[in-house]
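These are the residues of each chain, in order.
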Amino acid sequence: MLSNKTLANAIRALSMDAIQKANSGHPGAPMGMADIAEVLWRHFLNHNPADPKWVNRDRFVLSNGHGSMLLYSLLHLTGYNLSIEDLKNFRQLHSKTPGHPEYGYAEGVETTTGPLGQGITNAVGMALAEKVLAAQFNRDGLNIVDHYTYVFMGDGCLMEGVSHEACSLAGTLKLGKLIAFWDDNGISIDGNTSGWFAEDTAARFAAYGWHVQKVDGHDSAAIEAAVKEAQKVTDKPSIICCKTVIGCGSPNKQGTEKCHGSPLGDAEIALAKENLGWKYGPFEVPAEVYEAWDAKKAGAEKENAWNELFAKYQAKYPELAAEFIRRMNHELPADWTEKSEAYIRELQANPAKIASRKASQNALDAYSDVLPEFLGGSADLAPSNLTFNRNSKSVTADDASGNYIHYGVREFGMSAIMNGVYLHGGFKPYGATFLMFMEYAKNAVRMSSLMKLPVIYVFTHDSIGLGEDGPTHQPVEQISTLRISLNLNTWRPCDQVESAVAWQQAIESKQTPSALIFSRQGLAQMDRTPEQLANVKKGGYVLKSGSENPDLIIIATGSEVELAMKTAEALEAEGKKIRVVSMPCTEVFDKQSPEYKESVLPSSVTARMAIEAGISDFWYKYVGLNGVILGMDTFGESAPADQLFKLFGFTVENAVSKAKTILK
């Protein structure tokens, strides 16, 4: 019978070989955590390599994503569709084994990791989703949602502030199905971490409300006992602090930063394999090792047992079972389109001057009647963001059956947790903060875009219009930052109708996250024909025609659309033909057909002006270098909103004056 060490050494050998062949990578973590991985993946992890998307599988997250060869080795050895040739192509162009694990490349990779701290935060989201989904669907001992989330993390993950945000919340919510393994090797890129990471990590997690254990990370029996103990603790997340040696097995580099982020070299690999008793050549794994690692048979048995359980559930609760399947497949209800379109038409027929943040809440009221999969939240700003709707029920540690998370002041944590929630399945997450504090969350927003996760970000208090809180809270450059982000749709609606359409389009999005930008101040509703109403979802449309050949096109968004309309009226009183284009989402507009874009912004009309209470430079792509922009080029000030708009020139008089500089 093969020993635990021999089986763990297969991970070490494959990792060394792949990194050496690529001449790039991080051998230290895979070699240091191989013993932990062997125990977890061979004795505890419930998964089926033949069906990587089995809904009740345990989730595994490698938060220290630079150690990606650890995960790739595990997927290959246990029987996933990841061949030895894929391992040989580690870090090569278009391979299934990129330098950091990337969601969607190789089956079995649950999330993209690399930005340290976000993997553990995604894992908190997955464990949160499991707990809430279980509370919503499990019945009478028929626990169709019942699995663990396991996560490996390193010193760097724990130094990143987002891990503090997420792990604190995980303890508060008593996520007992979350078990984390800390690779406590005391080494980072700069060397021994004692000079910059000297805190008592175990005490920190105990203070969060976690169950804490300490083990030798190379003692298989101790690791196994610790996992069993962690599984017994159902009212706390668990951390197993594993004291390890980075690069374990490398005679000359183990225990030092020399093996963290560089190949070991052929000579050192030969010495390491001799030291480990691994007598095989590069990428060579004996049949008996493969056989011991193979998880396909056990995985099929576990999934079949769950299928039998689900069949009983389906027979007893057919409607719940159908709803569960729909939600896990990220499918919208059959009546979604009909009901959302009817709501939008109703709004257009019943004008109201309200803040778009309130219009957002009204849309949530209406849409949440149809979408039980909403899992909303706010970073301690629910009364200001207005994200708590009439169907919202707070999720608590003792009652997880709700649909609203109070994230606390944790913008970054909230956003990365939402990514984990979506990846788990069963929910359409949205989370909110002030637009200014998007800055805290930006890297998680980027990860949503990179992974093609259509999570919904709600950013309110969108401009100097928030007033007295002053420039620390008044966004200027943030909307443009979002707009130039890849694979992100940024909606800044001008009234309650555009707000409802923005929500509708965000909900229907399949592979693109959305940032919904809402105002604090009231916004007048615009008149629209049925055709104009239908065109809102195209991201930009003609709100005021101004004839086929206007003298000037004014483009505006959000609260400035009303100013654009009044400016057009003033110029028309002087005999000018003015077209007003409302452009709530530039990204969606840019994807329309050339014919449609030409019909909205005819190339023959070069006299163009953009109006938005945000940074000016973004708008040159639409107005041209000879166009004019009424925007912000400085930070704001603290004063009532009406005074600020006047101070910074957002008045009809100033807009008319600017327009005349380019009117013939």
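Residues numbered from 1 in each chain as written. Predicted model: local features only at pLDDT ≥ 70, side-chain atom pairs only at ≥ 80, totals over all residues. Heavy atoms only, no water.

A look at the sheet that holds strand β19 (residues 608-615)
As a reminder of what qualifies: Two strands qualify as a pair provided DSSP detects at least 2 bridges between them. What counts as a helix is a DSSP run of H or I of at least four residues, what counts as a strand is a run of E of at least two, and both are numbered from the N terminus. Axis definition: a line fit to C-alpha positions, over the contact stretch in the case of helices; interaxial angles, taken between N-to-C directions, run 0 to 180 degrees. Two residues qualify as a contact provided that any one of their heavy atoms is within 4.5 Å of a heavy atom in the partner residue.
An order of β16-β18-β17-β19-β20 is seen for the five strands of this open sheet, with the pairing classed as mixed. A single partner strand is all that each edge strand has here, and the edge strands are β16 (541-544) and β20 (628-632). Recorded for the sheet is a direction-independent mean angle of 25 degrees between the axes of neighbouring strands. Of the pairings in the sheet, the one linking β16 to strand β18 (residues 578-582) comprises three bridges and is antiparallel in character. Residue pairing in the sheet places Y541 in a bridge with S582 of β18. Together, β17 (552-556), β19 and β20 form the strand contacts of helix α27 (residues 652-660), whose direction differs from that of β20 by roughly 145 degrees.

So, the packing of aromatic side chains
Counted only if it meets this: Each pair of aromatic rings taken from Phe, Tyr and Trp, with Trp reduced to its six-membered ring, is defined by centres within 6.5 Å and is described as stacked if the planes are under 30 degrees apart, edge-to-face if over 60, and tilted in the remaining cases. Only protein chains enter the accessibility calculation, which uses a 1.4 Å probe; a residue is then buried when its area is under 20% of its type maximum, exposed when over 50%, and partly exposed in between. Distance and angle both matter: a charge sits over a ring if NZ of Lys or CZ of Arg is within 6 Å of the ring centre and within 35 degrees of the ring normal.
Going through the model one piece at a time under the given rule, you end up with 30 aromatic pairs. Ring geometry for F374 against W503: centres 6.1 Å apart, planes inclined by 75 degrees, an arrangement best described as edge-to-face. Of this pair, F374 sits in strand β9 (residues 374-378) while W503 sits in helix α20 (residues 496-508), placing them 129 residues apart in sequence. In this pair, the class of F374 matches that of W503, namely buried. Plain terms: the ring middles of F437 and Y440 are 5.9 Å apart, the flat faces sit at 20 degrees to each other, and that makes the pair stacked. Looking at F437, the relative accessible area reads 17%, which means it is buried. On the basis of relative accessibility, which here comes to 53%, the residue Y440 falls in the exposed class. Residue placement shows K177 over the ring face of Y148; its charged tip is 5.5 Å from the ring centre.

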